[in-house]
Amino acid sequence: MKFEVTILGSSSATPIFHRNPTSQILNINDKLLMIDCGEGTQQQMLRYGIKYHKIDHIFISHLHGDHFFGLVGLISSMHLNGRTKPLYLYAPAEIREILEIQFKHSGTQLKFPIEYHFTQTNEPEIILDNNGFTVQTFVLNHRIPCTGFIFREKERLRKINKALTEELNVPQQYFQLLKKGIDFIDEAGVRHKAKDLTFEPDVPRAYAYCSDTLADGSYNVHLENVDTLYHESTFMHDMADRAKETFHSTAREAAELAKSQHVKKLLIGHFSARYRDLSPLLLEAREIFPNTFLAQEGETFLI
């Protein structure tokens with residue numbers, strides 16, 4: 001099952017040094033989900049071959065412009081390109097007013113419905129639950145209400161051992177029962193245990209997205225053992241006071257969090273415009289958590 005994230009934007013407040021404001025595309029078994037939608041996201045989609053029509057779910061962490069200023073343009077392009085199926089939008093409640101006033105004054109009547117799910121900023125919640133995965137919010141500590149997101153695969157069925165099932169002439173229509181752990185009884189009345197005719201399923205994976213936040217430890221518990229963590233790292237640690245003042249995090253703080261919560265892989269992003277060269281931020285994080293990578297434009301990471 002495919003589970004990977006492509007970075008469309010890695011800059012903080014403004015586009016600079018060929019870096020765009022925040023946006024990511026998460027691919028879960030060829031279902032595309034967008035996380036945040038900063039200015040220039042459409043151009044990045046064109047650059048990296050992301051199709052408008054494949055995106056049905058968009059998650060907005062908070063309403064600072066570098067995380068959603070590209071949204072009205074993206075929705076307008078979907079409209080102009082003939083979209084009719086619903087778009088599911090998970091965001092703070094004020095997003096409806098922002099979008100509707102844009103469409104009102106441009107005389108735009110969308111050809112498709114927007115299904116809003118307004119995120120809560122006082123407690124975690126499951127905001128999406130389908131056959132393959134769930135999406136859960138958790139509360140971050142920023143200057144305005146802000147949530148993180150955890151995208152988690154569901155437990156999967158066991159895998160068929162084709163060699164053994166062919167040897168025993170197990171009917172193919174019985175495979176689904178074997179996958180669910182139901183034993184097979186052959187024509188002679190012999191019971192063959194499902195666990196012997198199948199393999200263990202892959203361990204479910206999880207991707208956690210930490211948008212803008214003060215690294216105060218309040219949300220750490222939600223990140224225990226996630227496979228890949230994206231965490232904003234706006235500053236290096238010599239600017240920790242500035243990070244606190246602006247309710248942001250440093251590369252060192254992100255790495256310390258990844259280490260303490262036994263994360264397998266760390267992606268850092270949301271870089272301040274003061275850093276043309278990002279290698280010092282990467283080195284700072286890798287001193288504490290070696291399996292750290294820069295979440296830069298065009299990079300795709302397996303979860």
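This text goes with the structure placed above it.
The present account deals with the structure reproduced in this document. (Residues numbered from 1 in each chain as written. Predicted model: local features only at pLDDT ≥ 70, side-chain atom pairs only at ≥ 80, totals over all residues. Heavy atoms only, no water.)

Below, the discussion takes up the sheet that holds strand S9 (residues 147-153). With mixed pairing, seven strands are arranged side by side in an open sheet as S7-S8-S9-S14-S15-S16-S17. Lying at the two open borders of the sheet, with one neighbouring strand each, are strand S7 (125-129) and strand S17 (292-294). Going across the sheet, the axis of each strand differs from the next one's by a mean of 20 degrees, ignoring polarity. Two strands pair when backbone bridges link them, and strand S8 (residues 133-139) and S9 are joined in this way by seven bridges, in the antiparallel orientation. What sits directly across from Gln136, in S9, is Ile150. On top of the sheet, helix H9 (residues 279-286) reaches strand S16 (265-269) and S17; it is set at about 165 degrees to S17, its chief contact. (Pairing = 2+ DSSP bridges. Helix = DSSP H or I, 4+ residues; strand = E, 2+ residues; numbered from the N terminus. Axes fitted to C-alpha atoms, helices over the stretch in contact; angles between N-to-C directions. Contact = heavy atoms within 4.5 Å.)

Glancing now at the environment of Glu245. Locating Glu245 in the fold gives a position in helix H7 (residues 240-245). A relative accessible area of 54% places Glu245 in the exposed class. Residues Glu245 and Leu214, spaced 31 residues apart in sequence, show a C-alpha to C-alpha distance of 9.0 Å. A polar contact of 3.2 Å, which involves the side chain of Glu245, links it to the side chain of Arg242. (Buried < 20%, exposed > 50% of the residue type's maximum accessible area, 1.4 Å probe, protein only. Polar contact = N/O pair within 3.5 Å; in protein donor to acceptor, adjacent residues only side chain to side chain.)

For helix H3 (residues 95-105), the full list of buried residues reads Ile95, Leu99 and Phe103. Within H3, the buried residues cover an arc of 50 degrees as seen down the axis, which keeps them to one side. Opposite the packed face of H3, turned more than 90 degrees from it, sit the exposed residues Glu97, Lys104 and His105. In the segment just after H3, Gly107 is the residue with positive phi, at about 65 degrees. (Arc of directions from axis to C-beta.)

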